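The primary structure of each chain is shown beneath.
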Amino acid sequence: MATEYPHRIALLGLGTIGLSMLAMHLRRPDTSITVYDPRPDYESQIRSTLPTLLDSPGSPTLIDDLIRTTRLKLSTTVAEAIQNATIIQEQSPEVTSSKQALWKEVAGLAGPDTHLWSSSSGISASAQASGCSAADRVAERLLVAHPFNPPHLMPLVEIVPGPETEAERVEFVKKYFGDIPGPAVSGGDQSASQHYRPITLHKEVPGFVGNRLAFALLREACYLVGEGVVSARDLDSLVTASLGPRWAGSGVFESYHAGGGEGGIGAFLQKLAPTIQDVWGDLGQIDIQGEQGWKDLVVQQTEDAYGPYTPETRKKKQEMLRDVVELQKKKWGEL
Ligand SMILES: NC(=O)c1ccc[n+]([C@@H]2O[C@H](COP(=O)([O-])OP(=O)(O)OC[C@H]3O[C@@H](n4cnc5c(N)ncnc54)[C@H](O)[C@@H]3O)[C@@H](O)[C@H]2O)c1
Ligand SMILES: O=C(O)[C@@H](O)[C@@H](O)[C@H](O)[C@@H](O)CO
């Protein structure tokens, strides 16, 4: 008789995020995963990509072994994928109407208590649930668990419940992610400290928090390159030589609290108020659908600096990310 795992996840959408989520979920021994993607070639994508995302590529029969032991099942329909699922997690395209249609399809088929999670970067749970019948209680069960790419390595999970999402479901998702072991560290074992860091937002706002911060920085970076103040490569180097290392150890507020001396962040904000206000008043007001001169410069300079992003580069950068996160975890208690 096939093992019935306590957590039975249906992963809908196996692209960049879905494949990384699959590698992440497989680290939990108490979880089986059924996957679905309308792309006809998604099985070959799993076979070629998943081994590169796991802590160790494993044997050449890895995928077949996972299927044989029922830890992994490939489906050809949503209905088949979500059958008997305790959790349904979508990583479908970032299109509101597409996610709404998917949840409507799921609502009529899923068990009444199944947890519903979206990996969306910025489409709220309430927007995604808005097309569903109240009787299906999708709004009460749906929440966003927004990862930063790649989820199999990056610790942040932004939990964004809708106004009707049941509180116990928020607690459940926080515990589920909090209990997922981190990637194996050098020496082969998994680091003892918690890897995933779910952060729960109190309100639904476009882009949630992580992307709002990231896109605010992106906007100013694009403006500065567009104005010829700095090159794209030098701006990247400036970030990795200053803000990057700083923020890996202390976040925005803690850093300025430290910078304020004895008076902490209050003194910092008071002492630097004129300069901060001058900068805030001068920040670039570019519009991504507006005048595109800055965009041509950003794209050209980034391509000149880095060329095509090769699998070797991606692998090297993921190893750097893994090392940074592992170092944080060794100090996590002090952060
Ligand atoms: N890429 C990132 O950096 C990143 C980070 C965090 C969150 N996200 C979010 O994750 C989601 C997926 O993004 P991605 O980058 O993996 O996109 P992607 O284009 O790589 O993958 C999307 C996958 O969804 C499949 N798909 C299309 N329609 C579907 C349907 N009806 N049901 C199930 N699957 C369907 C596609 O075939 C494709 O394989 C988006 O909501 C995105 O905002 C992306
Ligand atoms: O940076 C990331 O990995 C996430 O914030 C993503 O959400 C990313 O911003 C884009 O894929 C936006 O869709």
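Each chain has its residues counted from 1, following the order in which its sequence is written. Whichever chain is written first becomes A and whichever ligand is written first becomes 1, with later ones labelled in order. Predicted model: local features are reported for residues with pLDDT of at least 70 only, side-chain atom pairs are reported and counted for 80 or more only, and whole-chain, interface and lining totals are derived from all residues.

### Observations concerning the pairing of strand E6 (residues 142–147)
On any regular strand, side chains alternate: one points to one face of the sheet, the next to the other face. Residue burial here comes from a neighbour count, namely the number of other C-beta atoms, placed from the backbone, that lie within 10 Å of the residue's own C-beta, with 20 or more meaning buried, 12 or fewer meaning exposed, and in between meaning partly exposed. Runs of E in the DSSP output that reach at least two residues are strands. Runs of H or I that reach at least four are helices, and both are numbered from the N terminus. Across the 6 residues that make up E6, a large majority, 6, are buried. Side chains of E6 alternate between two faces, with Leu-142, Val-144 and His-146 and Leu-143, Ala-145 and Pro-147 buried alike. When strand E5 (residues 115–118) meets E6, the two strands line up parallel, connected through 3 bridges. In the strand pairing of E6, Trp-117 is matched with Leu-143. Strand pairing is assigned whenever DSSP identifies at least 2 bridges connecting the two strands. Where E6 lies against strand E7 (residues 156–161), 5 bridges are found, and the strand directions are antiparallel. Opposite Val-144, over in E7, you have Val-160 as the bridge partner.

### Some words on the environment of Tyr-36
Within the fold, Tyr-36 resides in strand E2 (residues 31–36). For the pair Tyr-36 and Leu-74, spaced 38 residues apart in sequence, the C-alpha separation works out to 6.4 Å. Whether two residues are in contact is decided by their C-beta atoms, placed from the backbone, lying within 7 Å. Discounting residues that sit within four places of it in the chain, Tyr-36 has contacts with Ala-10, Leu-12, Ser-75, Thr-77, Val-78 and Ala-81.

### Observations concerning the site of ligand 2
A residue counts as near a molecule or strand when its C-beta atom, positioned from the backbone, falls within 6 Å of it. Taken together, the residues surrounding ligand 2 are Glu-94, Ser-121, Phe-148, Asn-149, Gly-210, Asn-211 and Ala-214. Residues of the shell around ligand 2, tallied by class, amount to 2 nonpolar, 4 polar and 1 charged. Just so you know the grouping, Ala, Val, Leu, Ile, Met, Phe, Trp, Tyr, Cys and Pro go in nonpolar, Asp, Glu, Lys and Arg go in charged, and all remaining residues, Gly too, go in polar.

### A short note on the domain arrangement of the protein
Reports often express the size of an interface as the amount of accessible area lost when the parts come together. The domain limits used here are those given by an automatic or database domain assignment. Annotation of the protein at the domain level lists domain 1 (7–207) and domain 2 (213–331). Computed from C-alpha atoms alone, the centre-to-centre distance between domain 1 and domain 2 is 29 Å. Taken together, the residues of the side of domain 1 that touches domain 2 sort by class into 5 nonpolar, 5 polar and no charged.

### Topic: the UniProt feature "site: Important for catalytic activity" (unreviewed entry) in the protein
As annotated in UniProt, the feature "site: Important for catalytic activity" (unreviewed entry) corresponds to His-146 in the numbering used here. Following the sequence through the fold, His-146 ends up in strand E6. By the C-beta count within 10 Å, which is 26 here, His-146 ends up buried. Here His-146 is in contact with Ser-119, Ser-120, Ser-121, Glu-158, Val-160, Phe-208 and Gly-210, once residues within four sequence places are set aside. UniProt positions are given in the numbering used here, feature names are shortened, and annotations may be inferred rather than shown by experiment.

### Quick look at the site of ligand 1
As a structural note, the neighbourhood of ligand 1 is formed by 22 residues, with Gly-13, Gly-15, Ile-17, Ser-121 and Asn-149 the closest of them. Elements represented by at least two residues in the shell around ligand 1 include exactly helix H1 (16–25), helix H5 (96–107) and E6. With 3 residues, the single largest contributor to the shell around ligand 1 is H1. Looking at the shell around ligand 1, its residues break down into 7 nonpolar, 12 polar and 3 charged.

### Overview of the sheet that holds E5
Read across the sheet, 8 strands follow the order E3-E2-E1-E4-E5-E6-E7-E8 without closing on themselves; strand pairing throughout is mixed. At either end of the open sheet lies a strand with only one pairing partner, and these are strand E3 (72–75) and strand E8 (197–200). On average, adjacent strands in this sheet sit at an angle of 25° to one another, irrespective of strand direction. Across 4 bridges, the pairing between strand E1 (residues 7–12) and strand E4 (residues 87–90) is parallel. The residue of E4 that forms the bridge with Leu-11 is Gln-89. Orientation is described by axes fitted as lines to C-alpha atoms, over the contacting stretch for helices, and by angles from 0 to 180 degrees between their N-to-C directions.

### A closer look at the UniProt feature "domain: 3-hydroxyacyl-CoA dehydrogenase NAD binding" (unreviewed entry) in the protein
Here, UniProt's "domain: 3-hydroxyacyl-CoA dehydrogenase NAD binding" (unreviewed entry) annotation points to residues 9–179. As annotated, residues 9–179 has a helix share of 39% and a strand share of 20%, and its two end C-alpha atoms lie 15 Å apart.

### Comments concerning the packing of helix H9 (residues 210–226) against helix H15 (residues 293–306)
In contact at an axis separation of 8 Å, H9 and H15 are set at 90° when each is read in the N-to-C sense. Our classification of the angle between H9 and H15 gives roughly perpendicular. Touching Cys-222, Tyr-223, Val-225 and Gly-226 of H9 are Gly-293, Trp-294, Leu-297, Val-298 and Gln-301, all from H15. Should an angle fall under 35 degrees it is taken as roughly parallel, and over 145 as roughly antiparallel, whereas 65 to 115 is taken as roughly perpendicular and any remaining angle as oblique.

### What to know about unusual backbone geometry
Here the residue pair Asn-149 and Pro-150 is connected by a cis peptide bond, since its omega of 0° sits within 30 degrees of zero. The phi dihedral of Asn-84 is positive, around 70°, even though this residue is not glycine. When you line up the elements, Asn-84 lands in the loop between helix H4 (78–82) and E4. On the basis of neighbour count, Asn-84 is assigned to the exposed category, with 12 C-beta atoms found within 10 Å. Its identity as a non-glycine residue notwithstanding, Phe-208 has a phi of 55°, on the positive side. Classification of Phe-208 as buried rests on a count of 22 C-beta atoms within 10 Å.

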